[in-house]
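These are the residues of each chain, in order.
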Amino acid sequence: MRPRDGRFFLFLVLFLLVQLGSVLLGHTTYFWGDLTFLQHPWRSLCAEFLTKGEIPLWNPYAYMGMPLLANFQTGIFYPGSLLFEFFPYSYAMEWYIFLQYVLGAFFCLLWLRSWKFSSHASLIGASVWALGGLSLSRLSFLNQLGVLAWIPAFFLFSRRPILLGLSVSLGLLSGHPLSLGCFLAAYVVVGGICFKDRGAFLKKSSLGIGLGFLISACLILPGMELILNSERSSGVSLQVATTHSFAWRDFLGWAAPWLLEPMEFKTAVLWWKTSYLGWVGILGVALGFGRSSKKIRLPLVFYALCVALLMCGSENPISLWLWKTLPVFRWIRYPSHFSDALLPCLVLWMAIGFHRQKKAGLFWIFLVLELLWYGVRAHPTVRQDYYYDRGPLVHTLQKELGGHRYLLSGIALEWTRGEGKSREEAYRNIKHRLYGVSNLPYHLEAVGNFGEPLVPKANARWIHFLYSRSGLAEAGTALPYFDVRWVLTKDHLPAGLLSYLGRNVWHSYLSLRSPSRAYKILREPTEEYPLPTLGKPLEYIRLRSDSFTVKGRAFEHEKIFIAQPYFRGWNVFLKDKRIPWVGIGDFFGGVQVPPGEFQLFFRYDPCIWIWGLWLSVLSVLGLGVYWYNSV
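Note that the coordinates shown come from a computational prediction; the quantities given were computed from them, not determined experimentally.

Cut-offs used in this document
Residues numbered from 1 in each chain as written. Predicted model: local features only at pLDDT ≥ 70, side-chain atom pairs only at ≥ 80, totals over all residues. Heavy atoms only, no water. Disulfide = S-S within 2.5 Å. Buried < 20%, exposed > 50% of the residue type's maximum accessible area, 1.4 Å probe, protein only. Helix = DSSP H or I, 4+ residues; strand = E, 2+ residues; numbered from the N terminus. Contact = heavy atoms within 4.5 Å. Pairing = 2+ DSSP bridges. Expected span 1.5 Å × (residues − 1). Arc of directions from axis to C-beta. Polar contact = N/O pair within 3.5 Å; in protein donor to acceptor, adjacent residues only side chain to side chain. Axes fitted to C-alpha atoms, helices over the stretch in contact; angles between N-to-C directions. Core = buried A, V, L, I, M, F, W, Y, C linked by side-chain atoms within 4.5 Å.

Undergrad: What should I look at first to understand the state of the cysteines in this one?
TA: By definition, a disulfide links two cysteine residues through a covalent bond between their sulfur atoms. This model, assessed by the stated rule, comprises zero disulfides. Free cysteine: C182, not disulfide-bonded; nearest cysteine sulfur from C306 at 14 Å. Judged by its relative accessible area of 5%, C182 is buried. Its sulfur unpaired, C194 is 8.2 Å from the next cysteine sulfur, which belongs to C345.

In structure tokens, the structure reads:
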């Protein structure tokens with residue numbers, strides 16, 4: 001980078017500070033959607049475990065317990081996540097967002113300059129990458145923003161496999177495989193079209209991408225195990241897959257958001273429609289289309305049209321047929337994600353269009369002003385203390401649950417309308433309702449949540465069984481099998497075997513039977529009665545997030561019921577001898593113990609995590625040896 005480019009980049013950083021200044025330098029913070037209901041719980045819990053010296057392998061608080069490290073979207077291995085270890089979430093989140101934008105702009109500027117585009121043309125491309133609608137719409141999705149920051153580095157290091165591999169690994173570790181897959185496809189296609197020596201490009205790219213996957217094995221291997229053992233392993237329905245499809249009129253928003261239908265420019269809510277380039281950006285694409293050679297123009301146009309067609313999802317009969325027919329789309333949600341694959345192509349066209357244009361600098365000023373006009377305050381904010389406002393329900397549950405679980409009804413989970421005299425009060429009221437996995441930072445164990453992309457099959461079956469009960473009265477008979485002490489509902493319902501406690505954000509009910517996490521089994525399930533008959537509750541002691549003990553006395557060979565779905569990686573020990581986890585009925589689980597006093601030790605210690613860690617360590621060491629010898 002030349003000194004002049006460095007000065008231009010500093011100006012771009014200042015513009016990013018203008019766009020985010022209200023939160024970076026003020027007393028407000030972003031909060032909408034995933035930032036509150038997913039990112040705050042994931043990041044806070046991982047930071048807490050690491051601070052205590054625990055590897056965050058298991059999450060005991062969501063969906064009755066599920067893997068945590070294997071969840072790609074926690075971004076636990078991503079270097080940027082270190083911010084959440086040292087600073088409160090709101091401050092760490094704001095600076096994390098800013099740094100991802102800066103990284104994306106920096107690598108995009110270097111990429112275009114390395115491809116011999118002029119300073120102003122490169123700066124226009126970098127400005128659209130950092131300040132454009134696609135980046136702005138991903139502000140609530142920290143993992144996607146992390147992927148977006150590293151994609152220009154793929155093009156920058158396309159001739160240097162080691163640096164490409166490091167960039168791919170950082171994109172993977174940031175935590176959104178679908179976005180990374182879209183961008184990798186764009187990189188391979190656009191790079192293959194633009195490079196004259198396609199064989200060398202594909203060879204070096206394959207080497208770099210493979211190296212990136214090896215370095216990221218510590219996340220990929222446990223993540224793939226979770227995927228294969230989750231609900232998503234069999235795919236999703238066509239209706240779910242094609243949610244957030246683009247209508248043809250939505251593409252007008254790529255020029256300017258006000259060209260959409262009235263009230264459709266809501267970046268936080270209708271994020272999938274926010275992909276604008278600005279009028280200067282669209283002009284650059286048009287100029288680049290006209291100035292590019294036929295060898296580049298026709299393949300890029302064909303590629304862009306194919307991507308645009310896939311983005312239409314259920315809004316177009318041809319794209320709907322593709323989503324119905326091609327097997328790969330069974331595992332993909334949201335056609336709008338394919339907009340990621342269009343961005344590198346469009347930025348490249350802009351750079352071609354403004355390359356060595358005399359007034360490109362003036363166009364850049366107009367572009368930045370236009371993008372800032374759309375972007376400043378596009379996302380709603382609240383006061384800085386938002387994430388530390390627990391609310392009355394959390395205080396009550398922390399005091400009364402006593403290590404047991406609570407159940408939020410399925411109807412309540414779907415009710416997201418806030419209550420309050422002001423907008424801020426309504427936002428805080430929604431936060432107090434424990435949507436998503438927002439119970440995690442408060443150590444409240446829940447039966448059912450929403451928002452986790454990869455829920456294990458066993459957990460989903462348990463939850464479906466409970467939610468399929470007809471009414472609160474019938475569900476009350478099944479609560480001991482889930483260790484539920486409190487039930488929360490949207491409406492006041494007949495209590496049945498529960499005691500009604502009044503309204504505390506939700507209508508609250510207390511189980512009249514003292515729950516436990518482990519019981520003796522008196523009788524196993526039958527076809528007539530699908531639930532096991534539970535006997536005496538046993539002593540349950542949680543040692544850490546990933547381990548617990550169960551104590552008791554058996555008078556003969558007996559089965560012990562454990563109110564937790566089984567996931568591969570859990571080991572059970574009796575007197576230092578490993579014993580198997582056995583099935584009880586269709587989907588419940590437990591262990592069998594011999595007569596006499598017993599103390600069972602349960603530990604989640606997945607070997608696939610160790611294999612992935614060793615593979616990552618060996619890959620990094622191999623790179624170090626190679627670098628040392630080459631120097």
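Let us keep going from here.
Undergrad: Is there a simple way to explain the side chain of E445 in this structure?
TA: Turning to its location among the elements, E445 is positioned in strand 6 (residues 445–446). Setting aside its immediate chain neighbours within four residues, E445 contacts P60, Y61, G403, H404, R405, Y406, R517 and R542.

Undergrad: How do you make sense of the sheet that holds strand 8 (residues 498–504) when you look at a structure like this?
TA: Picture the strands of a sheet paired through backbone hydrogen bonds; they go either parallel or antiparallel. An order of 6-5-7-9-8 is seen for the five strands of this open sheet, with the pairing classed as mixed. Since the sheet does not close on itself, it has two edges, and those belong to strand 6 and strand 8, each with one partner. One ladder, built from four bridges, connects strand 5 (residues 405–408) with strand 7 (residues 484–489); its direction is parallel. Within strand 7, the position partnered with R405 by the bridge is V484.

Undergrad: How do you make sense of helix 8 (residues 161–174) when you look at a structure like this?
TA: Because each turn of an α-helix spans 3.6 residues, side chains separated by three or four positions end up pointing in the same direction. Compared with an ideal rise of 1.5 Å per residue, which puts 14 residues at 20 Å, helix 8 spans 20 Å between its outermost C-alpha atoms and is within 8% of the ideal. Most of helix 8 sits inside the fold, with eleven of its 14 residues counted as buried. Residues of helix 8 that are buried include every one of P161, L164, G165, S167, V168, S169, L170, G171, L172, L173 and S174, and no others. Residues of helix 8 that are buried in the fold lie against helix 7 (142–156), helix 9 (177–194), helix 10 (198–215) and helix 11 (217–228).

Undergrad: Is there a simple way to explain helix 15 (residues 317–325) in this structure?
TA: Listed in full, the buried residues belonging to helix 15 are S319, L322 and W323. Down the axis, helix 15 shows its buried residues gathered within 95° of arc, on one side only. Every exposed residue of helix 15 that faces more than 90 degrees away from the buried side is listed here: P317, I318, W321 and K324. Close packing links the buried residues of helix 15 with helix 12 (238–241) and helix 14 (294–311). The residue sitting at the N-terminus of helix 15 and contributing the capping side-chain oxygen is N316; that oxygen lies 2.8 Å from the backbone nitrogen of I318.

Undergrad: Please explain the sheet that holds strand 15 (residues 570–574) as it appears in this structure.
TA: The five strands are arranged 12-13-19-15-16 in an open sheet whose pairing can be described as antiparallel. Pairing within the sheet leaves two strands with one partner each, and these edge strands are strand 12 (539–544) and strand 16 (577–579). The mean angle between the axes of side-by-side strands here comes to 30°, regardless of whether they run parallel or antiparallel.

Undergrad: It is not clear to me how the nonpolar core should be interpreted in this structure. Could you clarify?
TA: Soluble globular proteins tend to bury their nonpolar side chains together. Grouped together as the largest cluster of nonpolar side chains are 121 residues, with contacts concentrated most on M93, I97, W111, W129 and F338. Looking at this core, the element that brings in the most residues is helix 4 (residues 89–114), giving 15 residues. Residues F49, W462, A478 and F598 belong to the second largest nonpolar core, which totals 68 residues.

Undergrad: Whenever I open this one, the pairing of strand 15 confuses me. Can you help?
TA: A regular strand places its side chains so that they alternate between the two faces of the sheet. Counting buried positions over the five residues of strand 15 gives four, a clear majority of the element. Sheet topology places strand 15 next to strand 19 (residues 596–604); five bridges connect them, and they run antiparallel. Bridging from a neighbouring strand, F573 pairs with F601 of strand 19. Pairing of strand 15 with strand 16 involves three bridges; the strand directions are antiparallel.

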